[in-house]
Structure formats: C-alpha cells, structure tokens
Amino acid sequence: MITQMSVQLIFLGDQMKKKIPVEIGASYELLIEDLSHDGLGIARLDGFLIFVKDGLPKEKVIAKVTHRKKNYAHAQTVEKLETTVDRTAPVCPLFEVCGGCQIQHMTDEAQLAFKKMQVIRHLKKFAHIEHPPVRDVIGMKAPWRYRNKTQVPFGQDETGEIVAGFYQSRSHDIIDMPNCFVQTEIADDIISAIKKLMSKLGIAPYHESQHEGVLRHVVIRVGFNTNELMVIFVTKTTDLPHEKALCQHLVERFPEIKSIVHNINPKVTNVIFGDTTHVIYGKPYIVDTLDGLSFLISARSFYQVNPMQTEVLYRLAVDYTQITTDDIVFDAYCGIGTITLFLARQAKHVYGVEIVPDAISDAKKNAALNHINNVHFEVGQSEVVIPRWMNEGVIPDVIVVDPPRKGCDMALLNAMINARPKRIVYVSCDSATLARDIQILEAGGYTLEVVQPVDMFPQTSHVECVALLSRKK
C-alpha cells in the first residue's frame, strides 16, 4: 500500500537524483577514469562525459569546463586533489597551453603503456580480435630533441611583437615558443634569428584573420647524420621581401644551411604549403642517411621525422618480410623510396608505387645515389598499378604497405588479397585504421601474427606500428 509518506519519499529521492548541469566556466570535482586516444583524461559527472586536459587515470581533480557539446564537454585541470605515480613534471614550461605535446606530464613508462593499450583497444574494437598479439612498445633512451622537421607559424601578439611557435590547443592563437624540447636546438636558434631579422628588415608576419601580411610559416629540415639544413619560407605573397639579405644573414650565422627555399601559398587555408616552390639559395635537396643508406630530402618530401626510431621501424619491417634473394616485393605508398631501398638490400627485386610524381622522381634519384639497381619505381594508384604488374607476370612474394593516416583504400586491400603474397607487412601511423584494414585482410585469407608498436613520437599520443600478416594455408 502506497501512503502519502511513501509518495513524499519517492519525490524526495527523485529530487536527490537530479543531475548536476555541466556548464561552461563552472568547476567540478572529478575522478579521472581513463585516457582518450589523444591523451585527455576521461571523467563522468552523473554519467555526462568530460574530457579533462592534464588529467591521469585514478587522479581526483578540480577541472573547469572550457567547451561543451550536447553529449560531452572539455575541461582544464585547475587543481589536483590526488595524483598518481604515473605523473611527472613536464619539461616544457608551455606544456599546459601548447597543443604540440599531449602527454608530457606522464612518465616514460606510463607513456609506453598508454600507447600499447591504445593499439590493443583499437584491434579489439575494429578488428574484433579478442587477444591481439601486441608487443611492448619500443621506446627511446632519450625521448627528446628527436624531430628532424620543424614547422612553425608566424604572427603578431596584441602588442605587435612577432611571435612564432605553435597553435594553442583547440585554437588558432600562436604561442610564442623560444624552445621546443622535441625539436632540435639549432631549429630553435634559426627561428629566433628569423624573428629578429624580420623586425630588422621590416618583413611582416601573416595575419590569419585578415588574410594579410607576408610570412606564414617557416619549415626547417635537419639531416641528423649529415648536419645539413634546409630552411623553407612559406609566404602569402609571390615575393619574399629582402630575400638576398635574409639568406645572407642566415647562411653567415648558420653555415650548416645548404638550401633555402621559398614556397608561395596565397590561399585562405590551414594547409601549410602552396603549389609553387623555388630554391633561393643553395641546392634543392639536403642529404641524410639511415642505416648506411643516403637519401635526398626536398622541401616537400615525406621523410619520417624521428630518424633514430625510423631505423628501428624499417629494420623491423624488413625482418617481418622474411625475404630472401629469391623474393619479389611490392612496396605500396613507397614515397621517396626509404623502405624500398631497405628491402632491396635483401630481395631479388622491389617494385615501388606512389601517387606523387615528385616522390617517385626523388625515389629514383635515391636509388641511383645508393647504387641500387634491383628496384623499379612507378607513379600511380597502388590499386591500379599492382594488378597491372601482375597481369604483366610480376607476382609478389611479399607486399609492404605504409599508407597515410587514413589507412588503405578498399580497392588496394582487395588488390593485395588478390595478389596472394605469402606475407603482408603493414606499417601504420594510426592503429585505428590499421585495425580496420586488418579485419578486411583477415577476411580475405590472412592471419595477424604480430603487431610491434614503435614510439616514433615521444611526448605525444601518436604511435607507429609494424604488423605482420601471413596467408592462411
């Protein structure tokens, strides 16, 4: 029997269960339960999902909501009530505002564990593999100053001072950064020198909101093993003011500079490079070496940004192929031929395909530079070129694929399955798309043998993987 008293109690209980509204600008005490794929703490307030910057699992924090959507919100930690042993003090004083690094507040061990777990979760979710064969992540002994490519936007602050650095997380505001601890010290020095020269010579930085000004970005490429440097100026305008004086000052100060390039990008876009590029000092290339091989690197070349770990990654890829001097290998998305030439030292012949003509031109030059003749490079779509090679009688024993972040096109996956190589070695910079493609390859007759993550990007949430798939008997 329901009495008036019991009705009142039910009503009071419903009132007590009323959910706390999550409002922008408000602060809440939260328990961090997990980490998102991009290193944000995951918390829930009455079931409402909140992503917390600078929050780690098992920590209690007070966090202020900065952005809110219908089903989730973003918040910034303002006070740590309880911390975990996985936390460490960030080396960079700008970590909390810069969007360049996401997990610098985690110990090295915790970073590697986090990255391994991300790969496992993606394989479970997208490849539907209950017990993924994922090995421990191969880390770096000194996970700092590893980037051989620096890309820095230029602008002005509210006082009119020239700034150069990185975009603040979730914004288009440029954070002036005199030092970046994942980039080379010489790149920091060059950026600082360019800022001073701009003021001295009267070169205006680009204003994104007004689409006015001159200098948009500076890109610096470093040959880690040769010490050769390339500096690339990206401007909105067709001319680079005081070009000769700028080049002269930089080369006198930094004699390691072997190439200075001007790229023109007049478009309203967040893409760094425009379509027009020309050399204004020195050579069109710098040279670097990997595992005894030399590579010409141009302004637009794709070249892995961590040369120390790249050697680890590519050696693994070659080991997983298990190739001999009797084997034919296809290298899809071959770029400037880096993996191709690693493979060619052990294979009978390697065929590389890439859709970017300039990359194939560089790949041919790199093969000649290293006196490697058992390679063939071709411009085109892998899913079109590979079937044609097979129709011409070239049958692969192994296929190696190193696609962009979006993974492989379905047509290429079908082409690889139809080629029926003994093994497929998949190098991936995104374990979610890797897992999606593995599911398709397994359905096409392949078994995932092993996934080896390699920490190519310490202090960030990204991880590279090498996966080996074998054809089912």
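Residues numbered from 1 in each chain as written. Predicted model: local features only at pLDDT ≥ 70, side-chain atom pairs only at ≥ 80, totals over all residues. Heavy atoms only, no water.

### A short note on empty space enclosed by the protein
Cut-off, in case you're wondering: Both site types are read off a 1 Å grid over the protein atoms alone. A 1.4 Å probe that fits but cannot get out defines a cavity, while an open set with protein on both sides within 12 Å along at least five of seven lines defines a pocket; lining residues have an atom within 4 Å of a point. Grid points are joined across faces, edges and corners, and a volume is the space filled by probe spheres set on the points.
Using the criterion set out here, one finds 2 cavities of 30 Å³ or more in the structure. The space that makes up the largest cavity amounts to roughly 90 Å³. Forming the boundary of the largest cavity are Cys92, Leu94, Phe95, Cys98, Gly100, Cys101, Gln104, Met177, Cys180, Phe181 and Val182. In this model, the second largest cavity occupies a volume close to 70 Å³.

### Details of the packing of helix 8 (residues 382-391) against helix 9 (residues 410-419)
Applicable threshold: For helices, the fitted axis covers only the stretch in contact; all axes are lines through C-alpha atoms, and the angles between them, taken along N-to-C directions, range from 0 to 180 degrees. Only DSSP runs of H or I covering at least 4 residues are called helices, and only runs of E covering at least 2 are called strands; the numbering of each starts at the N terminus. What sets the label is the angle itself: under 35 degrees gives roughly parallel, over 145 gives roughly antiparallel, 65 to 115 gives roughly perpendicular, and the rest give oblique. Less than a right angle of anticlockwise turn of the near helix away from the far helix marks a crossing as left-handed, whereas a clockwise turn marks it as right-handed. Whether two residues are in contact is decided by their heavy atoms: any pair within 4.5 Å suffices.
Here helix 8 crosses helix 9 at 20°, and the two axes come no closer than 8 Å. Of the possible angle classes, the one that applies to helix 8 and helix 9 is roughly parallel. In terms of crossing hand, the pair formed by helix 8 and helix 9 is left-handed. Within the contact between the two elements, helix 8 uses Ser382, Glu383, Ile386, Pro387 and Met390 and helix 9 uses Ala411, Leu412, Ala415, Asn418 and Ala419.

### Some words on the sheet that holds strand 8 (residues 162-167)
The line we're drawing: At least two DSSP bridges between two strands are needed for those strands to be called paired.
The 7 strands are arranged 9-8-7-10-11-12-13 in an open sheet whose pairing can be described as mixed. Only two strands of the sheet have a single partner each, and these edge strands are strand 9 (174-176) and strand 13 (276-282). Pairwise comparison of adjacent strand axes, ignoring direction, gives a mean angle of 35° for this sheet. Here strand 11 (residues 229-235) runs beside strand 12 (residues 257-264); their pairing, made up of 7 bridges, is parallel. By the bridge assignment, Ile232 is partnered in strand 12 with Val261. Running over the sheet, helix 3 (residues 185-201) touches strand 7 (149-156), strand 8, strand 9, strand 10 (215-222), strand 11 and strand 12 and is turned about 150° from strand 10.

### A short note on the pattern of salt bridges
Close approach of charged atoms lets side chains of opposite charge pair. Worth spelling out the cut-off: We define a salt bridge as a side-chain nitrogen of Lys or Arg found within 4 Å of a carboxyl oxygen belonging to Asp or Glu.
Applying the stated criterion across every chain, the model contains 19 salt bridges. A salt bridge links Glu311 to Arg315, with the shortest nitrogen-to-oxygen separation between them at 3.4 Å. Remark: Arg315 and Glu311 occur in helix 5 (residues 307-321); sequence separation between them is 4 residues, near one turn of the helix. Each member of the salt-bridge network shares a partner with another, and the members are Asp54, Glu59, Lys80 and Arg87.

### Considerations on the environment of Pro93
Heads up, the condition is: Only protein chains enter the accessibility calculation, which uses a 1.4 Å probe; a residue whose area is less than 20% of its type maximum is buried, one above 50% is exposed, and one in between is partly exposed.
Secondary-structure assignment places Pro93 in the loop between strand 6 (72-82) and helix 2 (108-126). With relative accessibility at 73%, the residue Pro93 sits in the exposed group. The spacing of Pro93 and Asn179 is 86 residues in sequence and 9.6 Å in space, taken between C-alpha atoms.

### Examining the nonpolar core
Here is the rule: By convention a nonpolar core is built from buried Ala, Val, Leu, Ile, Met, Phe, Trp, Tyr and Cys residues, the set being connected through side-chain atoms within 4.5 Å.
If you look at the biggest cluster of nonpolar residues, it comprises 58 residues, and the most contacted ones within it are Ile232, Val329, Leu341, Leu343, Val375 and Phe377. Here the element with the most residues in this core is helix 5; it accounts for 6 residues. If we ignore the near neighbours within four places in the chain, the residues touching Leu341 are Leu293, Phe295, Asn366, Ala367, Asn370, Ile372, Val375 and Phe377. Counting residues in hydrophobic clusters, the runner-up holds 38 residues, among them Tyr333, Leu413, Val463 and Leu469.

### Here's the deal with the packing of aromatic side chains
Which entries qualify depends on this criterion: Stacked, edge-to-face and tilted are the three classes for Phe, Tyr and Trp ring pairs, Trp counted by its six-membered ring, which pair at centre distances within 6.5 Å; planes under 30 degrees apart are stacked, over 60 edge-to-face, the rest tilted.
In total, this model carries 6 aromatic pairs according to the counting rule given. Here the aromatic rings of Phe330 and Tyr351 are separated by 5.8 Å at their centres, their planes lie at 75°, and the arrangement is edge-to-face. With Phe330 in strand 16 (residues 328-332) and Tyr351 in strand 17 (residues 349-354), this pair connects stretches of sequence that are 21 residues apart. Pairwise contacts between aromatic rings join Phe330, Tyr351 and Trp389 into one cluster.

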